[in-house]
Amino acid sequence: MGKYFGTDGVRGEANAQLTPELAFDMGRAAAALLLKQRGAKPEGRAKIAVGRDTRLSGDMLEAAFSAGVCSAGANVLLLGVIPTPGVAVLCRRLRAGFGVVISASHNRFSDNGIKFFSADGDKLPDNLEEEMEALLENKKALPRARGAALGRIEHFPDALSQYAEHLREHLPRSLSGLKIVLDAANGAASALGVELLSGLGAQVIPLFCRPDGLNINDGCGSTHPETLRQTVVQENAHLGLALDGDADRLIAVDEKGQIVDGDQILAVCAAHLQKEGKLEGGKIVATVMSNMGLRRAMEDIGVELLETKVGDRHVLQKMRESGAVLGGEQSGHIIFSRFNSTGDGLATALYLLNVMMESGQPLSELAQIMRKMPQEMLNVPVRSKEDWQKDYSIMEIVWHAERQLAGRGRVLVRLSGTEPLYRVMAEGEDREELRRLTERIAEQIKAKLG
C-alpha cells in the first residue's frame, strides 16, 4: 500500500482526509496517465467513466474529480448512482480509458473513496497506482489543458439499464415462486436490486432500500444483517440477500434466519459448477481470511482451493494466473469470471438463486456443504499503519498463540487496507480459547500502536 492507495483505491473521511482538492488532483493524475497511455492516437477524446454510490459527499467529490479530469484534457462520462461492478461492465461496453467509482463500500456514510478500473474492467495494477501516487506527490508534473484542449462532462442516463441488461443476459432464469427479502444497505443497488429481482418473477420485500445520503450502511447491509435475519423469519421468506453500499459483495440469510457468508456461498456455487462440468480446472480461489471449513469442504468434493491475499483484485489476479473461473472472500466479494472482473453482489445473488431453483433445495440445506470452523476476530484501531512485526512484544504474543493452536487452528494478524486498524483473527475448535488469544493480541497491539 502507498501513501494514498489502500487495497481498494483511496479512502478516508470525506472533506477531511479525502478532500475536493485531493479529488481534483486525482482527476488530473488519472487523465495524465490515460493520455500518456494513448500517446498520439487520433480516434476520439480520451474519456473516464465515473459512477458513485448514495453518500452525501458523492456529489462534491464527483464534481471535483470530474473538473480535474477536464482540466487535464480528457472527457468525463457520468454514470450516476450505480453499483461498483456496473462501472466495470460499462468500462468495457463504452470503451472508456478508465472507470472510477466514488464510494467507500461498506464504510459509514461520512467516509468516501475513489477507486479505479482499467479499460478492461480490472482493478488498476500496482504499477499504475504507483505512477498516480508519484504524480500526486509532484503536482507540477500534472498537465493543464487550455483552450479547445479542455475536456467535457457528459451524462450517460442508460448506465443502470445497460448493467441490468448485462446481468439478465448471463443469468436469465425465472425466479417465480421465490419470496426474497432484499437489504440493499440504502446504497447504490437500492432501486436496481428490487427492480431486477421482481422483474424475474420473485416476490421482493425491500429492506433498507431508501437512501437519503446519510443512511448508507447504517445498521444494515452485508456487515449488519441482524434486521434482515429477523425479517426473513417474520415474513416466512425463502431467503434474505444483503448487499453493501456499492453492491460488490453479498451475504445471504437462509429461511431459518441463519447467516450464509461469502465462504459458504463460494462453496455452494463451486459444488454446482463442478456438478455442471463448468468448474474449469477443478479449482477455486479464496483468501487467507477464508474459513478452514471451506478448504475441508472443497477437499471432500475434489476441488482444489488456491489461497491469495485479501482483496478482490488479488483474487482476480490468482484466478487469471490459475485459470480458475470462480473465486471470492468471506466478506462476500464473489467473482464469476464469465460475468464480471470484480466482486458483483447482484450477479452472485442471481447465481445463488439459480442454484436454489435448479436443485429445489432451500438455502439452509445447500449451505450444509460446509461446516464452519469457529473464528474470533477483533478490529484494533491504530494511530498509524506501522508494521506490527517490528514490535517484539507483539510478535512474542502472536508466536505463543500460534504454538498453542499448532495443528488445531491458526492465527492471522493483518492491517486493513481500507481503514486504520489491525484485524486479529484466530480459528480453531474451541471458541473460548480463540477469544482469549485474540483479546491478548489485540490488547498488546492497542498498547503499542493504538
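Structure first, text after, so check above.
1. A closer look at the packing of helix H1 (residues 20-38) against helix H4 (residues 126-137)
1) Next: Relative to each other, H1 and H4 sit at 125°, their axes nearing to 9 Å. The angle between the axes of H1 and H4 places the two elements in the oblique class. Once H1 is placed against H4, the crossing between them reads as right-handed. Residues Leu22, Asp25, Met26, Ala29, Ala30, Ala32, Leu33, Lys36 and Gln37 of H1 lie in contact with H4, whose contacting residues are Leu128, Glu131, Met132, Leu135 and Leu136.
2) Next: A class-by-class count of the residues in the contact of H1 with H4 yields 10 nonpolar, 1 polar and 3 charged.

2. Points about the environment of Asn15
1) Next: Examined against the element boundaries, Asn15 turns out to sit in the loop between strand S2 (9-13) and H1.
2) Next: Between the alpha carbons of Asn15 and Glu432 there is a distance of 42 Å; along the sequence they are 417 residues apart.
3) Next: Excluding anything up to four places from it in sequence, Asn15 contacts Pro20 and Met60.

3. Here's the deal with helix H10 (residues 312-322)
1) Next: Residues of H10 that are buried include every one of Asp312, Arg313, His314, Val315, Leu316 and Met319, and no others.
2) Next: In the segment just after H10, Gly323 is the residue with positive phi, at about 85°.

4. Digging into the sheet that holds strand S6 (residues 111-117)
1) Next: The strand order S1-S2-S6-S5-S3-S4-S7 describes an open sheet built from 7 strands, whose pairing is mixed. Looking at the sheet topology across the chains shown, the edges are occupied by strand S1 (5-6) and strand S7 (153-155).
2) Next: Of the strand pairs in this sheet, strand S4 (residues 75-81) and S7 are connected by 3 bridges, and their pairing is parallel. Residue pairing across strands places Leu77 opposite Glu154, the latter belonging to S7.
3) Next: Lying on the sheet, helix H2 (residues 58-71) is in contact with strand S3 (47-52), S4, strand S5 (98-102), S6 and S7; it crosses S3 at an angle near 175°.

5. Points about a nonpolar patch on the surface
1) Next: Nonpolar side chains collect at one region of the surface, where Leu56, Phe109 and Leu214 lie side by side and expose about 280 Å² of accessible area between them.
2) Next: Within the secondary structure, Phe109 sits in the loop between S5 and S6.

6. Topic: the nonpolar core
Soluble globular proteins tend to bury their nonpolar side chains together.
1) Next: Counting residues in hydrophobic clusters, the biggest one holds 72 residues, and the most contacted among them are Leu79, Leu197, Leu241, Ile284, Met298, Leu326 and Leu353.
2) Next: Among the elements that make up this core, the one with the highest residue count is helix H11 (residues 345-359) (9 residues).
3) Next: For Met298, the contacting residues outside a window of four places in its chain are Ala267, Ala270, Ile284, Val303 and Leu305.

7. A look at the state of the cysteines
1) Next: Under the counting rule described, the total for this entry stands at 0 disulfides.
2) Next: The thiol sulfur of Cys220 is not disulfide-bonded, and the nearest other cysteine sulfur, from Cys209, lies at 9.2 Å.

8. With respect to the pattern of salt bridges
1) Next: Tallied over the full model, the rule gives 27 salt bridges.
2) Next: Glu62 is paired through a salt bridge with Arg52; the nearest N and O atoms lie 3.2 Å apart. Taken together, the residues Glu62 in helix H2 and Arg52 in strand S3 connect sequence positions 10 residues apart. The same class applies to Glu62 as to Arg52, namely buried.
3) Next: Here Glu433 and Arg408 are joined by a salt bridge, their closest N and O atoms 2.9 Å apart. Here Glu433, found in helix H14 (residues 431-449), pairs with Arg408, found in the loop between helix H13 (392-405) and strand S18 (410-415); they are 25 residues apart in sequence, far enough to count as distant.

9. Remarks on the side chain of Asp25
1) Next: Within the secondary structure layout, Asp25 lies in helix H1.
2) Next: Setting aside anything within four residues of it in sequence, one finds Asp25 in contact with Leu136, Lys139 and Leu142.

10. Section: the sheet that holds strand S9 (residues 203-207)
Remark on secondary structure: sheet strands pair via backbone hydrogen bonds, oriented parallel or antiparallel.
1) Next: As summarised here, the arrangement of the 5 strands in space is S9-S8-S10-S11-S12, forming an open sheet in which the pairing is mixed. Only two strands of the sheet have a single neighbouring strand rather than two, namely S9 and strand S12 (259-260).
2) Next: Bridging between strand S10 (residues 239-243) and strand S11 (residues 250-253) involves 4 bridges; their strand directions are antiparallel. Note on S11: the bridge partner recorded for Leu241 is Ala252.
3) Next: Along the sheet, helix H7 (residues 226-234) makes contact with strand S8 (179-183), S9, S10, S11 and S12, crossing S10 at roughly 160°.

Rules used in this analysis
Residues numbered from 1 in each chain as written. Predicted model: local features only at pLDDT ≥ 70, side-chain atom pairs only at ≥ 80, totals over all residues. Heavy atoms only, no water. Axes fitted to C-alpha atoms, helices over the stretch in contact; angles between N-to-C directions. Helix = DSSP H or I, 4+ residues; strand = E, 2+ residues; numbered from the N terminus. Parallel < 35°, antiparallel > 145°, perpendicular 65-115°, else oblique. Left-handed = near helix turned anticlockwise from the far one by under 90°. Contact = heavy atoms within 4.5 Å. Nonpolar A, V, L, I, M, F, W, Y, C, P; charged D, E, K, R; others polar. Buried < 20%, exposed > 50% of the residue type's maximum accessible area, 1.4 Å probe, protein only. Pairing = 2+ DSSP bridges. Patch = residues over 30% accessible without salt bridge, like charges linked within 9 Å, V, L, I, M, F, W, Y side chains within 5 Å. Areas by Shrake-Rupley, 256 points an atom, 1.4 Å probe, with all protein chains shown as cover. Salt bridge = Lys/Arg side-chain N within 4 Å of Asp/Glu carboxyl O. Core = buried A, V, L, I, M, F, W, Y, C linked by side-chain atoms within 4.5 Å. Disulfide = S-S within 2.5 Å.

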